[in-house]
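Here is how the chains run, residue by residue.
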Amino acid sequence: MGIVIIQIGVLYTLYVVGSFIQQLLHIPIPGSMIGMLLLFLLLMTGIVKEEWISCGANMLLSHLTLLFIPATVGVMDYVELFSGKGIWSIFVVIVSTMIVMLFAGFIGQWAQTREQKRMHEVKGA
Amino acid sequence: MIGASMLLWTIVVYMAMRKLYARFYFPLLVPIATSTVVIIITLSLFHLSYEQYMVGGKWLVHLLGPAVVALALPLYQHRYTLKKFLWPLLCSTFFGTIIGIGSGLLLARLFHLPEQVVRSIIPKSVTSPVAMDIATLIGGIPTLAAVYVMVAGIFGAMFGPTIFQRLRLNTALGIGSGLGAASHGIGTAKALEMGKKEAAISSVAMTLSAIFASLLCPLLLLL
């Protein structure tokens, strides 16, 4: 348990650094995301070893749902937004989600077959 | 005192709802949806406000930032998948993100939804903690954003597999990209039911979408 807390501390530090960079440079990208990209770079360059953060990271990621329950409970203060016209917002989200899924799915599938075909041609030539 | 009990209650409800979902595995029963409903019901039964709940709840919110940072780990672990399918993945998530933001914005405006609602809908396709940060940055309501993210996740996971089957979208890359780009974590859980490869691609797609959305959402509002 101790190791998990220390590792979460490391991740928290990266989050704080990310937020600091965001404020320093006035970029509209979430500080947490800057922290994530920073950690990815540190892992790729081998400066940070996977074991140094994996216990803490897995702990947070496997219970991600628990972490945003307080946020979704907040919807109780916005019930009036969902009465009447606001209910359409749910419909908008569902339709848009289906559109994204189809486009992302087909683009992924298309790009993959195209690349495989090209590789095949290169090999054949 | 109230803080500690709210925190404890949240954890207890979450554990119970996780068990329930593991038992029935039906998308409408995803723990985030059921836990939220149960907690809201108990709060109203005891006439407690959201503010009182957050005395304890805020401790969990503090962990969201480091949790987003932690997403670097699966991305790193799947780096070979990422490298192998770099272009298909970059294409599908980049255009998926643009289409997600664009269609959400367009439809929301079409229905004349209030401005704050529109701005909370925009980041709906990315994982909750990132969506909440984006909503804050672009003038939406983080809480509402989290709710829309939940809706996108649940419905994507519910209808995705059927739609894929009907339209002969059947490669791991197609399925993984679709679920990850549209329905983030909940979609990735669904992808895991369909195969390990689908899940790996879905989790990479979800992370790439979060990166693209963080870059694109703020830009969009400059227009």
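Numbering of residues starts from 1 in each chain and follows the order in which that chain's sequence is written. To label them, take the chains in the order written and letter them from A, then take the ligands in the order written and number them from 1. Only residues with pLDDT of at least 70 get local features here, since the model is predicted, and only at 80 or more are side-chain atom pairs given and counted; chain-wide, interface and lining totals rely on the full set of residues. Hydrogen atoms and water are omitted, and side-chain values are computed over all heavy atoms in the structure.

Asker: Is there a simple way to think about the overall build of chain A in this case?
Answerer: Across its full length, chain A holds 6 helices and 0 strands. Numbering goes from the N terminus for both helices and strands, where a helix is a DSSP run of H or I of at least four residues and a strand is a run of E of at least two. When the helices and strands of chain A are placed in sequence order, the string is α-α-α-α-α-α. Taken over C-alpha atoms, the radius of gyration comes to 21 Å for chain A, far larger than the 14 Å a tight globule of 125 residues would show. Here's how the labels work: a residue is buried when its accessible area is under 20% of the maximum for its type, exposed when over 50%, partly exposed in between, all with a 1.4 Å probe on protein chains only. Counting over 125 residues, chain A shows a buried share of 45%. We call two residues contacting when some pair of their heavy atoms lies within 4.5 Å. Expressed as a percentage of contacts within chain A between residues at least 6 apart in sequence, the contacts between residues at least 24 apart total 47%. Between the two quantities, the radius of gyration covers C-alpha atoms and the globule rule is 2.2 Å times the number of residues to the power 0.38.

Asker: Sorry if this is basic, but what is going on with the interface of chain A and chain B here?
Answerer: Quite often, the size of an interface is put as the accessible area lost when its parts meet. Counting residues at the interface gives 71 residues for chain A and 101 residues for chain B. In the sections that follow, a salt bridge refers to a side-chain nitrogen of Lys or Arg positioned within 4 Å of a carboxyl oxygen of Asp or Glu. At the boundary of chain A with chain B, the tally comes to 0 salt bridges. In the analysis that follows, any N or O atom pair within 3.5 Å is treated as a polar contact, provided that within protein one partner can donate a hydrogen and the other can accept it, and provided that, for residues neighboring in sequence, both atoms belong to side chains. Inspection of the chain A/chain B interface yields 14 residue pairs in polar contact (both at pLDDT 80 or more). For the side of chain A that touches chain B, the secondary-structure elements that each account for two or more residues are helix H1 (2–25), helix H2 (31–44), helix H3 (50–62), helix H4 (64–73), helix H5 (79–82) and helix H6 (88–124) of chain A. Under this grouping Gly is polar, as are all residues other than the nonpolar Ala, Val, Leu, Ile, Met, Phe, Trp, Tyr, Cys and Pro and the charged Asp, Glu, Lys and Arg. Split into classes, the residues belonging to the side of chain A that touches chain B amount to 49 nonpolar, 18 polar and 4 charged.

Asker: Please clarify how the confidence of the model for chain A should be interpreted in this entry.
Answerer: Should the pLDDT be low somewhere, the predicted coordinates at that spot are not to be read in detail. Every residue is assigned a pLDDT by the predictor, reflecting its confidence on a scale from 0 to 100. Averaged over chain A, the pLDDT score is 88; the fraction of residues at 70 or greater is 97%. Across chain A, element-level confidence peaks in H1(A) with a mean pLDDT of 94 and bottoms out in H5(A) with 79.

Asker: Got a minute to help me understand the UniProt feature "transmembrane region" (unreviewed entry) in chain B in this structure?
Answerer: Residue and element names in this part refer to chain B. UniProt positions are given in the numbering used here, feature names are shortened, and annotations may be inferred rather than shown by experiment. Residues annotated in UniProt with the feature "transmembrane region" (unreviewed entry) correspond here to residues 24–47, 59–76, 85–111, 131–155 and 199–222. For residues 59–76, helix accounts for 83% and strand for 0%, while the C-alpha atoms at its two ends are 28 Å apart. Note that residues 131–155 is 88% helix and 0% strand, and that its end C-alpha atoms are spaced 17 Å apart.

Asker: Mind showing me how you'd approach the environment of A:Ile34 here?
Answerer: Residues and elements named next belong to chain A. By the secondary structure assignment, isoleucine 34 is in helix H2. On a C-alpha basis, the gap between isoleucine 34 and serine 19 in space is 7.4 Å, while along the polypeptide they are 15 residues apart. Non-local contacts of isoleucine 34, meaning those with residues more than four positions away in its chain, are made with Gly18, Ile21, Gln22, Ile27 and Ile29.

Asker: Got a minute to help me understand the packing of helix H1 (residues 2–24) of chain B against helix H2 (residues 31–45) of chain B in this structure?
Answerer: Axes are the key here: two packed helices are described by the angle between their axes and the distance separating the axes. Residues and elements named next belong to chain B. At a minimum axis distance of 9 Å, the contact between H1 and H2 shows a crossing angle of 135 degrees. Relative to H2, H1 is oriented oblique. H1 and H2 meet at a crossing whose hand is right-handed. Contacts between H1 and H2 involve Met6, Trp9, Thr10, Val13, Tyr14, Met17, Arg18 and Tyr21 on the former and, on the latter, Pro31, Thr34, Ser35, Val38, Ile39, Thr42 and Leu43. Counted by class, the contact of H1 with H2 contains 10 nonpolar, 4 polar and 1 charged residues. Helix axes are fitted to C-alpha atoms over the stretch in contact, other axes to C-alpha atoms as well, and angles between N-to-C directions run from 0 to 180 degrees. When an angle is under 35 degrees it counts as roughly parallel; over 145 it counts as roughly antiparallel; between 65 and 115 it counts as roughly perpendicular; any other value is oblique. Handedness of a crossing is defined here by the sense of rotation of the near helix relative to the far one, left-handed for an anticlockwise turn of less than a right angle and right-handed for a clockwise turn.

Asker: Honestly, the state of the cysteines in this entry has me stumped. Any pointers?
Answerer: Two cysteines joined by a covalent bond between their sulfur atoms form a disulfide. Working definition: a disulfide is two cysteine sulfur atoms within 2.5 Å of each other. Under the definition given, this model contains 0 disulfides over all chains. Not part of a disulfide, B:Cys91 finds its nearest cysteine sulfur in B:Cys217, a span of 19 Å.

Asker: Would you explain the UniProt feature "transmembrane region" (unreviewed entry) in chain A in this entry?
Answerer: All names here are of chain A. Here the UniProt feature "transmembrane region" (unreviewed entry) sits at residues 29–48, 60–81 and 87–111. Taken as a whole, residues 29–48 contains 70% helix and 0% strand, while its terminal C-alpha atoms sit 23 Å from one another. Between the first and last C-alpha atoms of residues 87–111 the distance is 37 Å; the span itself is 96% helix and 0% strand.

Asker: So what exactly am I meant to see when it comes to the nonpolar core here?
Answerer: Within soluble globular proteins, side chains that are nonpolar generally end up buried alongside one another. Core analysis: the largest hydrophobic core is formed by 107 residues, its most contacted members being A:Leu39 and B:Tyr53. Ignoring sequence-local partners within four residues, the contact set of B:Tyr53 consists of A:Ile69, A:Pro70, A:Val73, B:Met6, B:Thr10, B:Ile39 and B:Leu43. To form a nonpolar core, buried Ala, Val, Leu, Ile, Met, Phe, Trp, Tyr and Cys residues must be joined to one another through side-chain atoms within 4.5 Å.

Asker: I keep staring at the pattern of salt bridges and nothing clicks. Help me out?
Answerer: Between side chains of opposite charge, pairing is possible as soon as their charged atoms come close. Residues and elements named next belong to chain B. One pass over the full model with this rule turns up 3 salt bridges over all chains. We note a salt bridge from glutamate 115 to arginine 109, for which the minimum N-O separation is 3.1 Å. Overall, the relative accessible area of 36% leaves glutamate 115 in the partly exposed class. Among the residues examined, arginine 109 registers a relative accessible area of 39% and is labelled partly exposed. Where glutamate 115 meets arginine 119, a salt bridge forms, and the shortest distance between an N and an O atom there is 2.7 Å.

Asker: I'm lost on unusual backbone geometry in this one. Help?
Answerer: Among all residues save glycine, negative phi is the norm, and among peptide bonds the norm is trans. Residues and elements named next belong to chain B. One non-glycine residue, histidine 47, adopts positive backbone phi at about 50 degrees. We note that histidine 184 has phi near 40 degrees; this positive angle belongs to a residue other than glycine. By the secondary structure assignment, histidine 184 is in helix H11 (residues 172–194).

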